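One-letter residues, chain by chain:
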Amino acid sequence: MDTMHESLVKAVPALGHYPQEPISTGTTLIAMEFDGGVVVGTDSRTSAGSFISSRVTNKITPVTDHLVVCRSGNAADTQTIADVVKYQIEAYTMLEAEKVSIYRATQIFRQFLYNYRDQLSASVLVAGWDENEGGQLYALPIGGFVTRQRSTASGSGSTFVTGYLDKNWKPNMTKEECVKVVKEAVGLATFRDGSSGGVIRIGVIDKNGTDIKLYRPDGNDFPKFVAPTPHPSWPAHVEAKNQ
Amino acid sequence: MSSIGTGYDLAASTFSPDGRIFQIEYAQKAVDNSETMIALRGKNGVVCAVEKAIPSKLYQENSKPRMMTAAEHLGLGLAGVYPDCRAIRDYAVEEGLKYLRDYRCPIPDKKLAATLAEYVHMFTLGISRPFGCSVFVNSWDKKDGGKIFLIEPSGLSYEYRAWAVGKNRQAAKAEIEKLKLDELEMDQLVKEAVRIIMAIRDEGKDKNVTIEMSWVGENTKGNAELVPNATIDAAEEWARRALDEDDLDD
């Protein structure tokens with residue numbers, strides 16, 4: 001970055017806004033396969049350092065009717081990758097007159113994440129449905145290592161809920177069961193993770209296509225938690241005066 | 001030949017006034033004059049067989065293989081100018097590996113055939129000479145069954161149920177057409193392929209000849225492999241008897 005010139009964008013310390021900070025999706029991404037499809041869930045916070053640059057980001061980016069990519073990491077990097085891969089898949093579909101399988105789309109994402117691993121800060125979940133393999137979920141962390149998962153969490157919020165997911169995932173879950181667990185997990189993660197927050201978006205991808213629903217914190221179906229409140233801990237001489 | 005002495009056959013970059021490219025036709029001739037090679041698609045697999053003359057006893061067994069692989073699941077049958085065959089095979093292997101690296105799955109048969117056809121076609125544009133060889137690409141999988149593609153020196157590529165190239169291709173095709181290919185099991189397909197190769201052999205020339213053969217099918221789990229010598233020998237024995245019976249009938 002050019003540090004010799006004063007930035008035209010002014011910092012607003014009162015808001016915690018420092019323009020030199022990279023914009024990133026701190027993010028909670030949760031996803032689960034069920035028989036016939038995939039459920040994905042995300043928060044909606046985009047931050048530049050401690051400044052929340054968007055509280056209603058859509059991190060579930062559609063690539064085809066039956067394929068989405070859930071983005072985390074550097075917002076510009078992941079948007080660009082999603083755009084380029086979307087273009088490649090569209091071009092391939094037209095040129096070869098052949099549908100791109102979810103596995104193949106994942107491999108195209110991998111090529112980018114791996115080839116540009118030194119420049120990029122991007123981690124994604126590729127979720128979709130195709131005729132041959134049904135619902136599929138692939139996790140691609142930074143570097144482009146590909147694994148197919150039945151249930152997975154990624155992004156900064158994931159550390160808070162992996163235990164919850166391990167406890168609540170079981171084989172042969174229905175779509176409704178998955179939606180419930182995924183939504184709850186995103187809620188739990190946003191509650192504890194400072195880099196996650198805003199609304200919850202839940203996407204279901206199955207043979208009928210992609211259906212994304214939004215849950216607002218002021219709505220009735222947003223997960224609610226009551227955190228155990230700590231005891232007030234004044235020093236003893238202050239505590240005595242308070243009583 | 002009408003092309004000779006006209007000057008229109010000196011390079012692949014020149015069309016003749018009636019719209020032909022003689023260099024490509026000559027390249028095709030190189031295949032037409034080579035030893036007969038056939039490929040047959042049966043009920044659950046594909047076999048490819050070629051008649052081979054052994055010019056000297058001093059050669060190692062199968063020192064000049066014409067049945068090779070582009071990948072585990074893709075058999076190649078290469079007819080025509082031998083060094084050209086090897087060059088195409090090397091390119092095919094390279095493309096197969098490139099695909100595997102990029103997409104983490106084996107290259108589909110029709111994609112390799114298309115890639116090879118495109119490559120072969122580039123050499124018909126006059127930069128260099130065309131390839132003097134034709135390539136069979138054979139494969140089998142559970143979903144789509146057997147497949148045979150042939151790439152010609154012109155860059156033309158078709159998918160076939162069965163086909164023959166080389167010296168006695170016309171006679172071979174006549175024999176192939178008599179078969180009910182879709183009903184033939186693999187062992188029967190091998191026998192018929194050997195019978196056809198033997199039936200169309202040039203009579204009189206009592207040369208030292210052998211049959212090289214590859215198969216890909218359910219029995220090989222979709223892998224393209226050489227047919228074992230013992231199997232070929234047994235098929236030859238069967239074919240000899242079948243041909244003798246035919247002679248008695250005549």
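Residues numbered from 1 in each chain as written. Chains lettered and ligands numbered in written order. Predicted model: local features only at pLDDT ≥ 70, side-chain atom pairs only at ≥ 80, totals over all residues. Heavy atoms only, no water.

**Considerations on the sheet that holds strand β6 (residues 145-151) of chain B**
Residue and element names in this part refer to chain B. An order of β3-β4-β5-β6-β7 is seen for the five strands of this open sheet, with the pairing classed as antiparallel. Of all strands in the sheet, those bounded by a partner on one side alone are β3 (67-71) and β7 (157-160). Direction aside, the axes of adjacent strands within the sheet are offset by 25° on average. Strand direction decides the pairing type here: strand β5 (residues 133-141) and β6, joined by seven bridges, are antiparallel. Bridge pairing in β6 places Trp140 opposite Gly146. (Pairing = 2+ DSSP bridges. Helix = DSSP H or I, 4+ residues; strand = E, 2+ residues; numbered from the N terminus. Axes fitted to C-alpha atoms, helices over the stretch in contact; angles between N-to-C directions.)

**Quick notes on the layout of surface pockets**
Put simply, the largest pocket is a space of about 1,400 Å³. Taken together, 40 residues line the largest pocket, and the ones lying closest to its centre are A:Glu98, A:Lys99, A:Ser101, A:Asn132 and B:Lys143. Of all the elements in the fold, those that place two or more residues in the lining of the largest pocket are α1 (75-96), α2 (102-115), β8 (122-130) and β9 (134-140) of chain A together with α3 (109-122) and β5 of chain B. Class assignment of the residues belonging to the lining of the largest pocket gives a composition of 15 nonpolar, nine polar and 16 charged. (1 Å grid on protein atoms, 1.4 Å probe; cavity = no way out; pocket = protein on both sides within 12 Å on 5 of 7 lines; lining within 4 Å. Points joined across faces, edges and corners; volume = space filled by probe spheres on them. Nonpolar A, V, L, I, M, F, W, Y, C, P; charged D, E, K, R; others polar.)

**Describing the UniProt feature "active site" (unreviewed entry) in chain A**
All names here are of chain A. With numbering aligned to this structure, UniProt lists the feature "active site" (unreviewed entry) at Thr27. Within the secondary structure, Thr27 is located in the loop between β1 (23-25) and β2 (29-34). On the accessibility criterion, Thr27 (0% relative accessible area) is buried. Leave out the neighbours within four places in its chain, and Thr27 touches Asp43, Lys59, Arg71, Ser72, Ser154, Gly155, Ser156, Gly157, Asp193, Ser195 and Ser196. (UniProt positions renumbered as here; feature names shortened; annotations may be inferred. Buried < 20%, exposed > 50% of the residue type's maximum accessible area, 1.4 Å probe, protein only. Contact = heavy atoms within 4.5 Å.)

**Some details on helix α4 (residues 169-177) of chain B**
Residue and element names in this part refer to chain B. If you check which residues of α4 are buried, you get Ala172, Lys173, Glu175 and Ile176. Buried residues along α4 cover an arc of 160° about the axis, so they all sit on one side. Away from its buried face, by an angle of more than 90 degrees, α4 presents the exposed residues Gln170 and Glu177. Elements that come into contact with the buried residues of α4 comprise β1 (37-41), β8 (162-165) and α5 (186-199). (Arc of directions from axis to C-beta.)

**Here's the deal with the environment of B:Glu185**
Residue and element names in this part refer to chain B. By the secondary structure assignment, Glu185 is in the loop between α4 and α5. Remark: the alpha-carbon pair of Glu185 and Asn44, spanning 141 residues in sequence, is separated by 6.5 Å. The residues contacting Glu185, other than those within four sequence positions of it, are Lys43 and Asn44.

**Comments concerning the interface of chain B and chain A**
Across the contact, nine residues belong to chain B and ten residues belong to chain A. Taking both partners together, chain B and chain A bury about 730 Å²; carbon and sulfur atoms supply 38% of that area. Per-residue buried area on chain B facing chain A is highest for B:Tyr103, B:Arg104 and B:Lys111; these three make up 65% of the total on that side. Joining chain B to chain A, the criterion identifies two salt bridges. (Buried area = accessible area lost by both parts, 1.4 Å probe. Salt bridge = Lys/Arg side-chain N within 4 Å of Asp/Glu carboxyl O.)

**Quick notes on the packing of helix α2 (residues 82-103) of chain B against α3(B)**
All names here are of chain B. Running from N to C, α2 and α3 point in directions that differ by 130°, and their axes come no closer than 10 Å. Between α2 and α3, the interaxial angle falls into the category oblique. Between α2 and α3 lies a crossing of right-handed hand. Where α2 abuts α3, its residues Ile88, Tyr91, Ala92, Glu95 and Tyr99 lie against Lys111, Leu112, Thr115, Leu116, Tyr119 and Val120. Classifying every residue of the contact of α2 with α3 by side-chain character gives eight nonpolar, one polar and two charged. (Parallel < 35°, antiparallel > 145°, perpendicular 65-115°, else oblique. Left-handed = near helix turned anticlockwise from the far one by under 90°.)

**Some thoughts on the pairing of β5(B)**
Residue and element names in this part refer to chain B. In terms of burial, β5 is largely enclosed, as eight of its nine residues are buried. As judged from the six bridges shared by strand β4 (residues 74-80) and β5, these two strands associate in the antiparallel manner. Paired with Leu76 across the bridge in β5 is Val137. Between the end of β5 and the start of β6, which pair antiparallel, lie three residues.

**Description of unusual backbone geometry**
All names here are of chain B. Phi is positive for Arg104, close to 55°, though the residue is something other than glycine. Within the secondary structure, Arg104 sits in the loop between α2 and α3. Residue Arg104 is classed as partly exposed on the basis of its relative accessible area of 46%. The backbone of Lys221 shows a phi angle near 55°, a positive value even though the residue is not glycine. By the secondary structure assignment, Lys221 is in the loop between β9 (209-217) and β10 (225-226).

**Remarks on the nonpolar core**
Soluble globular proteins: nonpolar side chains tend toward being buried together. A:Ile81, A:Ile89, A:Phe109, A:Val126, B:Leu112, B:Leu116 and B:Val137 are the most contacted members of the largest nonpolar core, which has 46 residues in total. Broken down by element, the residue count for this core peaks at seven residues, all from α2(B). Excluding anything up to four places from it in sequence, B:Val137 contacts B:Leu74, B:Gly75, B:Leu76, B:Asp109, B:Leu112, B:Leu116, B:Lys147, B:Ile148, B:Phe149 and B:Ile151. In this structure, B:Ala162, B:Ala164, B:Leu181 and B:Val227 belong to the second largest nonpolar core, which totals 28 residues. (Core = buried A, V, L, I, M, F, W, Y, C linked by side-chain atoms within 4.5 Å.)

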